[in-house]
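# A closer look at the structure
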Amino acid sequence: MEHLHQFIHNNAIITSAIILIIAYIFIAWEKISKVVIALLGGSLTLFLGLLETEKTPSTIAHYFTSYIDFNVVFLLVSMMIIVHIASKSGMFTWLANEILKKTKGKPKLMLAALAIFTAVASAFLDNVTTVILVLPITFAACKLLDINPIPFLITEVFCSNIGGTATLIGDPPNIIIGSAANLSFMDFVKELTGVVLVIMFVVIALMVFIYRKELKSSAEKMELVSQIDNSSTITDMGLAIRAGVVLLLVILGFITHDITHIPTFLIAMMGASVLMIFEKPAEILVEVEWNTIFFFVGLFIIIGGLEASGGIALMAKWLLDVTQGSQAATSMIILWASGILSGIIDNIPYTATMAPMIGAIEDSMGHVYAHPLWWSLALGACLGGNMTIIGAAANVIVSENAHKAGYPISFLKFLKYGIIVTIISLSISTVYVYFRFLVK
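In short, a report on the structure. (Residues numbered from 1 in each chain as written. Predicted model: local features only at pLDDT ≥ 70, side-chain atom pairs only at ≥ 80, totals over all residues. Heavy atoms only, no water.)

### With respect to the overall build of the protein chain
Operational definition: Secondary structure counts use DSSP, requiring at least four H or I residues in a row for a helix and at least two E residues in a row for a strand, with both numbered from the N terminus. The reference for a compact globule is 2.2 Å times residues^0.38; the radius of gyration itself is calculated from the C-alpha atoms. Relative accessibility decides the category of a residue: with a 1.4 Å probe and only protein chains considered, values under 20% of the type maximum give buried, values over 50% give exposed, and everything between is partly exposed. The criterion used for residue contact is that any of the two residues' heavy atoms lie within 4.5 Å. Each accessible area is a Shrake-Rupley result for a 1.4 Å probe, and residues are judged covered by the shown protein chains and nothing else. Charge assignment in this entry is limited to Lys and Arg as positive and Asp and Glu as negative, and neither His nor the chain termini are counted. To locate a charge, take NZ of a lysine, CZ of an arginine, CG of an aspartate or CD of a glutamate.
When you go through the protein chain residue by residue, the secondary structure sums to 22 helices and 0 strands. Computed over its C-alpha atoms, the radius of gyration of the protein chain comes to 22 Å, within 12% of the 22 Å expected for a compact globule of 440 residues. Judged by the C-alpha coordinates and their principal axes, the protein chain covers about 80 × 50 × 45 Å. Across the 440 residues of the protein chain, 55% fall into the buried class. Put simply, 79% of the contacts in the protein chain that link residues at least 6 apart link residues at least 24 apart. With an accessible surface of roughly 19400 Å², the protein chain has 68% of that area assigned to carbon and sulfur atoms. In the protein chain, 23 side chains carry a positive charge and 28 a negative one; their mean positions are 13 Å apart.

Right, dumping it as structure tokens:
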């Protein structure tokens, strides 16, 4: 065993890189649960001694928990609790139904309204929760209009990923980036919300144009949508008020972070704790997506092994050598590589790998040089999820539910529109990043 550990120590970069690559392959293969792959990879990283498992003054720098970003973990868990409790009241469904009624059942207007609702909700809730909320509403409305729900479903998927790009809490990659780069909620709002709004409206207009012949219904059927009974949608008014107030206060806490300097995860944790006072914790905690949480933990350990070995710093040096230190070239490579790769593999492990690499570039080149790189990563990783049906968790959820409802969305059908939407999104992002950050 001693000889093995010595060999691993001498070849730490290669060993940790092999573990990460194999983990990526199995995560993309999707035959084994990605949380199992992450935990197996994390366990192997610790077993081989790539990170320390005993905390002493001499090993603390490479102690494995130092590489688990608990800001990300606690923020995710807390927001999952808040959103789940708020959803139980029916408040989000009530809001979506009210928006539907305002459209008077006009299919094109309805598609745009549901898409905008999905995008805005995804900026504050996680994408999966948002599409789960909007799916039954979409199916019910399309049934009343007697039209195909697929145009609505595909547009909602696109807008869930686009909307999630706008804020710190909208998509897990942004949570990773925010923690790694020390970016606040308002930093994301300031730098990304404008370009995300442009991309959202362009994509919605494109989808309305593509499906214009299918978005038609009779006046009688449109009247049914405008008369939807929303009186009993909120099942618990007290819960709706509590959850609404807490959610607003949490978002207010995020917005005022630059003034209060209270960590984002702590604001969310306080909000979740207050709501749990009125709930049975065992019933709420079981609804937390622990698969996702432990996936993050395993992933952080695997990438920590590569970081501790010097592999991340080597990747950063290689990228700077390729671009010859050009800030513009580095930004564009990160933006487009992130967009394309995030459509093929899970954007969470990709971002978790890239974040420390950009951190290493920041250490060597300075904050000013690295600043646009963080935003290029955020835009690419989040928007790239629209390229394929497996590009993001929300895509898979919508695809599975559509299939169960008798409206299958094939991989190629989604890809046909996904490539167009991704190229448009990344092109708009390219123009934005260039003129916002790179033109002196």
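### Examining the side chain of N395
This is how it is decided: Here a polar contact means two N or O atoms within 3.5 Å. Within protein one must be a hydrogen donor candidate and the other an acceptor candidate, and residues neighboring in sequence count only if both atoms are side-chain atoms.
By the element assignment, N395 lies in helix 21 (residues 393–404). Side-chain polar atoms of N395 contact the side chain of N161, separated by 3.0 Å. With near-sequence residues (within four places) excluded, N395 lies in contact with V157, N161, G385, N386, T388, I389 and F414.

### So, the nonpolar core
Here is the rule: We define a nonpolar core as any set of buried Ala, Val, Leu, Ile, Met, Phe, Trp, Tyr and Cys residues linked to one another through side-chain atoms lying within 4.5 Å.
Residues I154 and F254 are the most contacted members of the largest nonpolar core, which totals 149 residues. Ranked by the residues each element gives to this core, the list is headed by helix 4 (residues 70–88), at 12 residues. Among residues more than four places away in sequence, those in contact with F254 are L75, M79, I169, F185, M186, T264, I267 and A268.

### Points about helix 19 (residues 347–365)
What counts here: Helix span is expected to be 1.5 Å times the residue number reduced by one.
Its 19 residues give helix 19 an end-to-end C-alpha distance of 25 Å, which sits within 8% of 27 Å, the value for a rise of 1.5 Å per residue. Within two residues after helix 19, G366 carries a phi angle of roughly 100°, on the positive side.

### Some thoughts on the pattern of salt bridges
Note the following rule: Every case where a carboxyl oxygen of Asp or Glu lies within 4 Å of a side-chain nitrogen of Lys or Arg is listed as a salt bridge.
One pass over the structure, following the stated rule, counts 5 salt bridges. One salt bridge in this structure joins K317 and D321, with 3.1 Å as the shortest N-O distance. Note that K317 and D321 are positioned in helix 17 (residues 311–322) at a spacing of 4 residues, about one turn of the helix.

### Brief notes about the environment of M357
Secondary-structure assignment places M357 in helix 19. M357 sits in the buried class, given a relative accessible area of 4%. Taking C-alpha positions, M357 is 15 Å from S16, a pair spaced 341 residues apart along the chain. Once residues lying within four places of it in the same chain are set aside, the contact partners of M357 are I312, M315, A316 and L319.

### Quick notes on unusual backbone geometry
Peptide bonds are, in most cases, trans, and in most cases residues other than glycine have a negative phi. Unusually for a residue other than glycine, N182 sits at a positive phi of about 55°. Its location among the elements puts N182 in the loop between helix 9 (172–181) and helix 10 (185–210). What makes N182 exposed here is its relative accessible area of 68%.

### Section: the packing of aromatic side chains
For clarity, the cut-off: Classification of ring pairs uses Phe, Tyr and Trp, with its six-membered ring standing for Trp, and accepts pairs whose centres are within 6.5 Å; under 30 degrees between planes counts as stacked, over 60 as edge-to-face, and the remaining range as tilted. Should the NZ of a Lys or the CZ of an Arg lie within 6 Å of a ring centre and within 35 degrees of the ring normal, that charge is described as sitting over the ring.
Enumeration according to the criterion identifies 13 aromatic pairs in this entry. Geometrically, the ring pair formed by Y432 and F437 is edge-to-face, given 5.9 Å between the ring centres and 85° between the ring planes. Of the two residues examined, Y432 and F437, each falls in the buried class. Pairwise contacts between aromatic rings join F70, F74 and F265 into one cluster. The ring of F295 has K34 sitting right over it, with the charged end atom 4.8 Å from the ring centre. Here the guanidinium or amino end of R242 rests over the ring plane of F278, the centre of that ring lying 4.5 Å away.

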